[in-house]
Amino acid sequence: MTRLQYILAAIGGAVLLAVICLVFLGNNLIKAYHQESQVSDKIEKLEQAAEILAQQRQELSKLQGLENSIRSSSINVESSSAFLAYLDSQIMALSMNIVDIPHEESLPYQGYAVKEVKLSVEGSYHSIVKFVHQIEIIDRVSIVKDLNISRKLIRQEGKTRLFLIANLTLQRLSTSNEN
């Protein structure tokens, strides 16, 4: 082979090596671009999640503030008579009627008495819901154990009226020596 052929073969080999390197680097560049795209997508999803988390923290903070506000303005009714008087005042304020006179049963529990109060009231759906809400903000009412709302049609003065009757069972915590 002549010297020219060696030079051409060397140049051809160098060009072939350069093409192989460019293809290899191109593939690596494409992979890096896809990885960067995936990383960008993940970063975007994390930023969205962080934004949602910040919104949820703000909502939690508002709810905690509302809870503190409710707790600070809540009604604390210590005695049974004061509790029943409070129930009566709420029933009157909401223009509801007592269907069944409230009565309490006392169950001892670790130095306290859990008093179960059963009562029935008649009123509109809105007034019943508001009444239950007013009961729930009392400090010592632990749960509204049972709430059943039934409908009753009554004929009055030639007209049929629909009454909603709510049967409630409440549990409230009191000290053992409370009346």
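Refer to the preceding data block for the structure.
Report follows, based on the coordinates. Because the structure is predicted, anything quoted here is derived from the model rather than measured.

About the criteria used
Residues numbered from 1 in each chain as written. Predicted model: local features only at pLDDT ≥ 70, side-chain atom pairs only at ≥ 80, totals over all residues. Heavy atoms only, no water. Buried < 20%, exposed > 50% of the residue type's maximum accessible area, 1.4 Å probe, protein only. Helix = DSSP H or I, 4+ residues; strand = E, 2+ residues; numbered from the N terminus. Pairing = 2+ DSSP bridges. Core = buried A, V, L, I, M, F, W, Y, C linked by side-chain atoms within 4.5 Å. Contact = heavy atoms within 4.5 Å.

### Examining the pairing of strand E2 (residues 112-123)
Phase 1: For E2, a buried count of 10 out of 12 residues is recorded, marking the element as mostly surrounded by other parts of the structure.
Phase 2: Direction of pairing for strand E1 (residues 97-109) relative to E2: antiparallel, over a ladder of 10 bridges. Bridge pairing in E2 links asparagine 97 to glutamate 122.
Phase 3: Two successive antiparallel strands, E1 and E2, enclose a turn made up of two residues, where glutamine 110 displays a positive phi of approximately 45°.

### Overview of the nonpolar core
Phase 1: Formed by 18 residues in total, the largest nonpolar core has its most connected members in Leu87, Met96, Leu119, Val121, Phe131, Leu168 and Leu170.
Phase 2: Among the elements of the structure, helix H2 (80-93), E2, helix H3 (125-136) and strand E4 (159-175) are those that each provide at least two residues to this core.
Phase 3: Contacts of methionine 96, omitting those with residues within four sequence positions, involve Ile91, Val121, Glu122, Gly123, Ser127, Ile128 and Phe131.

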